[in-house]
Each structure stands twice: as C-alpha cells, then as structure tokens.
Amino acid sequence: MSIITLEDTERRKAWGFVAPALLWTIAFFVVPFLFMAAMSLWSRQSGQIVRAWNLDNYIAFFAKDSLFKGLTNSLEITLIVTVLSVLLAYPLAWIIAERVPKRFQRLALIMAVLPFWTSYVVRSYSWLLVLSKNGVINQTLMTIGLVSEPLEIASNRTATVIGFVHFFVMLLTLTIYANLIQLSPNYRRAAADLGANALQTFWHVILPLTLPGIMTGAFLTFVLCIGDYVTPQILGGNNELVLPQIIMLQLGRRADFPMAAALSIILMLAVTAAYVLCARWLKIERA
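Now for a description of the structure that goes with this document. (Residues numbered from 1 in each chain as written. Predicted model: local features only at pLDDT ≥ 70, side-chain atom pairs only at ≥ 80, totals over all residues. Heavy atoms only, no water.)

Using a probe with the size of a water molecule, rolled over the atoms, empty space left in the structure can be pinpointed. One pass over the full model with this rule turns up three cavities of 30 Å³ or more. There is about 50 Å³ of room inside the largest cavity. Contributing to the lining of the largest cavity are Tyr-120, Arg-123, Ser-124, Trp-127, Gly-163, His-166, Phe-167, Thr-231 and Leu-235. The element best represented in the lining of the largest cavity is helix H5 (residues 120–131), accounting for four residues. For the lining of the largest cavity, the class distribution of residues is four nonpolar, four polar and one charged. Taken as a whole, the second largest cavity holds about 40 Å³ of empty space. Around the second largest cavity sit Ser-74, Ile-77, Thr-78, Phe-164, Cys-225, Ile-226, Asp-228, Pro-232, Val-242 and Pro-244, which together line it. With three residues, helix H3 (residues 65–99) is the largest single contributor of residues to the lining of the second largest cavity. Of the residues belonging to the lining of the second largest cavity, the class tally is seven nonpolar, two polar and one charged. (1 Å grid on protein atoms, 1.4 Å probe; cavity = no way out; pocket = protein on both sides within 12 Å on 5 of 7 lines; lining within 4 Å. Points joined across faces, edges and corners; volume = space filled by probe spheres on them. Helix = DSSP H or I, 4+ residues; strand = E, 2+ residues; numbered from the N terminus. Nonpolar A, V, L, I, M, F, W, Y, C, P; charged D, E, K, R; others polar.)

Set out below in structure tokens:
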C-alpha cells in the first residue's frame, strides 16, 4: 500500500487549481495558434486551399512590396505613437501624482480614463469629424485667418497617429502614475542631502525608478497599437495600409486564409521581438 506524502497531496491540489486555466489556454490559444501556423504553410490555388507544406506565403511577403510595406507602416506608426504617448503621459502622470492634492487625485484619474468610457469606434469617428476638411480644426484655423485652405490632416498617417495617441496617453498615464505614487519621499530627500538639484534628482533617481512603469505601459501600447485595425481603417483612409488591414483584405476580398495566417504569424513575431527588447524592464516590474 503506497503512502501518499504531504508533498504529493499539495502537488495534486496545485495541479487542480492550475488545470482549468491550463486547459482553457490550450483549447483557445495553443490549438488555434498551431492550426494557424500550419495553415500559413499551405497555399491557395485556383480558389482552393492546397494543404501542401511550403514557405510560399512567407516568400511572397518579402517579395511583394505591398505586403512588406504593411509591416513597416505598422512599425513606424506604432513607434511614433509609443514615443509621443510616453512624452505626453509622463508629465500628466507626474502632475496628478505630485501637484494634485490627494483628495482630488481620484477625480483626476477618473477624468483621465474618461476616453475609455466611450466606444472605440465612436472615438475614431469623432476624430474623423474633427480632423476632416470641414472639421472643427480646419474651420477654426480658416476663421481666424491662419490658413487659407483646409489642411490635409484626415485620412492619412497624421490622423491615425492622433487617434492612437489620444487613447494610449491615458493608458500610459495610469501605469506611470502607479509607479510614481509608490516612490518614497525619502529618495528625493536623500538626493537633496547629497547635493542634487531637482533636475539631477529626476534624471538619476525618479526616472530610473519609474522606468519599469514606463516600459510596461509602452509595451502595452505597442501590442495594442500594432494589432489595431479599427483606427487605421477609419482615420487612415486606406491611403497607407498597415498589416492588420492587409490581413483583413486577404480574408474579406481574396479569401486567402493561408496568406492571412502567415501575415498573422509575422505580426506575432514582431510583438514577440518587442517583448524580448522590453523583457529586462518587465522583469524588474514583476520583481
């Protein structure tokens, strides 16, 4: 008769708690991902999907400028949005954490997350109305005489970046604010005792300590931005396609599921590369 040790019992309990989440992940992520990876190695010929293993879709991606340009457009827009969002969010988070009285900080945070209360599609169409030739910005500039003709700020990359930044600044503000309020005032006092001025204290003490929050928010911004389809579709005007739009075109117009699967794999590899680059700071955050 075997003796069940306490360690074995605890191990079984642990697997009992983990099993539902593990099965869910396998069923709804691992299996679909493996199927998509396998499909990316198939091809579509004469309207039929040929289940023959090959790298034709990946070769076509690098061979066709229209496909490869979609990835470069996505990366460029995402990097611009991430940098601008960080530069705008950090001062806002610092003001809320350092200058707004404690009793009003919750209200300030509620105001900061108000854009999240509105539908993503509604926000995008609202920006389209603001940025269009007959929109609020152009009408105001023409009324006060700063421009004689409407500016082309809609249906292009500029509009896409503005729409993205409006959304992700708020996300980054929350992550950076969460780091700032955890900093002890003793850090600043110690830096001042050592002769550091305000700028030196920020550069050598505050910024390094809040870098995990910045990188966490930046990584989330990168992931959500590079995979977004709605904002480029509404604000970009199909003048500069990003990779998610090209994937949708492969599905909707050509029914080329193998090529769409290959492009999706490439998009996931781009996100994985971003994670690898940010892993150092993300590990600090977990610690």
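Considering all chains together, one arrives at 12 aromatic pairs under this definition. Taken together, a centroid distance of 6.1 Å and an interplanar angle of 10° make the contact between Phe-29 and Phe-33 stacked. Of this pair, Phe-29 and Phe-33 both sit in helix H1 (residues 6–39), four residues apart, which is roughly one turn of the helix. Residue classification places Phe-29 among the partly exposed positions, given a relative accessible area of 47%. With a centroid separation of 5.0 Å and 80° between ring planes, the pair formed by Phe-167 and Phe-168 is classed as edge-to-face. (Phe/Tyr/Trp six-rings, centres within 6.5 Å; stacked < 30°, edge-to-face > 60°. Buried < 20%, exposed > 50% of the residue type's maximum accessible area, 1.4 Å probe, protein only.)

In this section: the nonpolar core. Core analysis: the biggest nonpolar cluster contains 31 residues, and Val-81, Phe-168, Ile-176 and Leu-180 have the highest contact counts within it. Breaking this core down by element, the ones donating at least two residues are H3, helix H4 (102–112), helix H7 (157–180) and helix H9 (198–226). If near-sequence neighbours (up to four positions away) are discounted, Leu-180 is found in contact with Tyr-90, Ala-93, Trp-94, Ala-97, Ile-206 and Thr-210. Counting residues in each nonpolar core, the second largest holds 23 residues, with Ala-262, Ile-265, Ala-270 and Ala-274 among its members. (Core = buried A, V, L, I, M, F, W, Y, C linked by side-chain atoms within 4.5 Å. Contact = heavy atoms within 4.5 Å.)

For the rest of this paragraph, the subject is the environment of Ala-97. Tracing the backbone through its elements, the reader meets Ala-97 in helix H3. On a C-alpha basis, the gap between Ala-97 and Phe-116 in space is 20 Å, while along the polypeptide they are 19 residues apart. Residues in contact with Ala-97, not counting those within four places in the same chain, are Gln-105, Tyr-177, Leu-180 and Ile-181.

Tallied over the full model, the rule gives five salt bridges. In this structure, Lys-133 engages Glu-152 in a salt bridge whose closest nitrogen and oxygen atoms are separated by 3.1 Å. Taken together, the residues Lys-133 in the loop between H5 and helix H6 (136–143) and Glu-152 in the loop between H6 and H7 connect sequence positions 19 residues apart. Here Glu-152 falls in the exposed class, since its relative accessible area comes to 52%. Of the charged contacts, one joins Asp-256 and Arg-254 as a salt bridge, the two residues approaching to 3.9 Å between their closest N and O atoms. Within this structure, Glu-76, Arg-157 and Glu-240 form a network of salt bridges that share partners. (Salt bridge = Lys/Arg side-chain N within 4 Å of Asp/Glu carboxyl O.)

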